[in-house]
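Here's the letter readout for the chains.
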Amino acid sequence: MLFRTANFLLILLFQPVLLPTLSAQSEPLLRNSVASVVKKAALQEHVQTLASEAYLGRSGKACEKTRAYLERHFKDLGLEPAFQEGTSYSQRIFAPGTLAGTGAPRVLGRNVAAKLIGSDPKLKDEVIILSAHFDHLGVVEGVLYPGADDNASGVSMLLEAARYFAKLPEKSRRTIYFVGFDLEEVGLIGSTYFAENLPFEESKLKLFITADMIGRNAAGLSRNSLFVCGSEYARPLRTTLRDSAEAQSLTISYAGADLIGPRSDFAPFWQREIPFLFFCNGLHPDYHAPTDTVDRIDFEKLTRVTELIISALQTWSDEDTLPDWHAPESDLEEIRTGRRVLANLLAAPHQFQLSSTQMMMVKQIDLMFASIEEKGTFSPQERQSLIQLGTMALKMLQTFPLR
Ligand SMILES: [Zn+2]
């Protein structure tokens with residue numbers, strides 16, 4: 001995940017708190033009764049493997065092993081290679097210009113992807129992308145950055161989703177691409193290159209989905225909640241999101257993509273006004289730290305999030321029509337997200353080291369959120385002032401030092 005802009009909701013929603021977040025075991029395990037589709041053990045195995053020392057933090061040359069891992073998985077599932085007319089699972093990411101002296105093209109990295117052609121004669125020409133970046137920070141001054149949550153968790157979801165759809169007796173009606181992006185940590189290079197060099201016509205792309213850090217619980221939010229950005233540009237997607245979330249006893253906290261900025265692989269598709277969804281549990285104290293380790297992953301939650309994404313994708317890959325891009329409107333869901341976070345702050349002031357003044361401030365902001373929620377709508381200006389107020393409040397709070 002790439003750090004760009006900061007504002008109140010960003011800070012509150014995505015801020016790594018130095019104190020432990022609500023401990024995973026403190027909340028009862030809310031799991032639906034439907035037989036689980038995804039095997040927790042399979043997710044665990046992917047995360048343990050990719051975050052292990054042998055994968056050297058998945059950066060630079062060390063990424064070769066990770067790419068081979070994804071390719072092998074796709075091949076074993078019998079999924080078709082996505083590139084070069086179905087002959088290659090990997091896409092070389094060329095840098096502008098050539099190597100000095102040799103004039104040879106400079107290859108920065110490689111994306112890895114497979115496709116599942118749709119079964120419907122018409123809808124197979126419509127494409128949905130499910131993706132996750134597989135690179136991380138590597139070994140820095142001899143210290144390993146395992147990146148268990150960032151983003152071995154997202155890759156594990158991608159691989160088990162690929163298994164689910166590859167094994168479906170009745171194939172999905174639309175075509176699905178399963179894409180592992182390289183070079184996300186160094187400026188979204190892999191996803192940007194992919195968006196500029198799609199292995200199909202851009203007009204066929206109906207929905208782009210990416211998950212980045214879905215194995216933990218963020219500061220201020222419970223283990224039964226996760227963030228989704230982007231649905232403000234294709235609101236009808238929320239119906240399926242809600243149903244899939246409820247089935248997993250998960251609550252979706254919607255946040256506008258403009259609140260966090262272009263900080264993960266959805267950005268190149270956002271720019272192209274292609275409907276997108278970004279799944280994330282938010283930041284935590286181990287973000288981009290050597291402590292982002294496997295033992296801190298909430299595999300119960302990761303399993304539920306993976307099932308949520310699979311069941312929603314199954315609906316979208318089979319329904320007759322998918323929503324088109326539309327301009328965002330004022331979105332009470334954002335207010336509800338803000339209130340959910342504020343409620344957790346207010347519920348555990350000790351955990352966030354909030355002084356009485358800060359508590360007052362948070363209460364004030366919550367009152368403003370509440371009045372807007374009651375009013376039922378808010379103007380773009382109100383939204384902007386709310387965000388500015390929040391940013392100001394945070395500067396004053398100075399509670400959570402930015403990493
Ligand atoms: Zn990431």
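Here is a short report on the structure shown in this document. (Residues numbered from 1 in each chain as written. Predicted model: local features only at pLDDT ≥ 70, side-chain atom pairs only at ≥ 80, totals over all residues. Heavy atoms only, no water.)

1. Some details on the environment of N281
Note the cut-off: Strands are runs of DSSP state E lasting at least two residues, helices are runs of H or I lasting at least four, and both sets are numbered from the N terminus onward. Whether a residue is buried, partly exposed or exposed follows from its accessible area with a 1.4 Å probe, protein chains only, as a fraction of its type maximum: under 20%, in between, or over 50%, in that order. Here a residue-residue contact requires only that any non-hydrogen atoms of the pair lie within 4.5 Å. In protein, a polar contact means a hydrogen-donor-capable atom and an acceptor-capable atom, both N or O and within 3.5 Å, with residues adjacent in sequence counting only if both atoms are side-chain atoms; elsewhere, any N or O pair within 3.5 Å suffices.
With respect to the helices and strands, the residue N281 is situated in the loop between strand 11 (276-280) and helix 9 (299-318). For N281, a relative accessible area of 2% translates into the label buried. Those residues in contact with N281 that lie beyond four places of it in its chain are D149, M213, I214, G215, R216, N217, A218, F227 and K301. Looking at N281, its side chain comes within polar contact range of the main-chain nitrogen of G215, at 2.9 Å.

2. Some points on the nonpolar core
Spelled out, the test is: The set of buried Ala, Val, Leu, Ile, Met, Phe, Trp, Tyr and Cys residues whose side-chain atoms join them within 4.5 Å is what this entry labels a nonpolar core.
Counting residues in each nonpolar core, the largest one holds 61 residues, and the members touching the most others are F74, F178, F279 and W316. It is helix 4 (residues 148-167) that contributes the most residues to this core, 11 residues altogether. For F178, the contacting residues outside a window of four places in its chain are F74, L79, V112, A113, A114, L116, L130, L158, A161, A162 and F165. Among the nonpolar cores identified, the runner-up in size contains 31 residues, and I129, F200, A255 and F276 belong to it.

3. Some details on the environment of G97
One can find G97 in strand 2 (residues 90-98). With relative accessibility at 53%, the residue G97 sits in the exposed group. For G97, the residues in contact, after removing those within four places along its chain, are P105 and R106.

4. What about helix 6 (residues 237-247)?
Keep this limit in mind: The directions considered for the arc are those from the helix axis to the C-beta atoms.
Along helix 6, the residues that are buried comprise L237, R238, T240, L241, S244 and A245. The buried residues of helix 6 all sit within an arc of 160° when viewed along its axis, so they share a single face. On the buried face of helix 6, the contacting elements are strand 8 (205-211), strand 9 (225-229), strand 10 (251-255), strand 11, helix 9 and helix 10 (332-347). Directly after helix 6, the chain includes S249, whose backbone phi takes a positive value near 50°.

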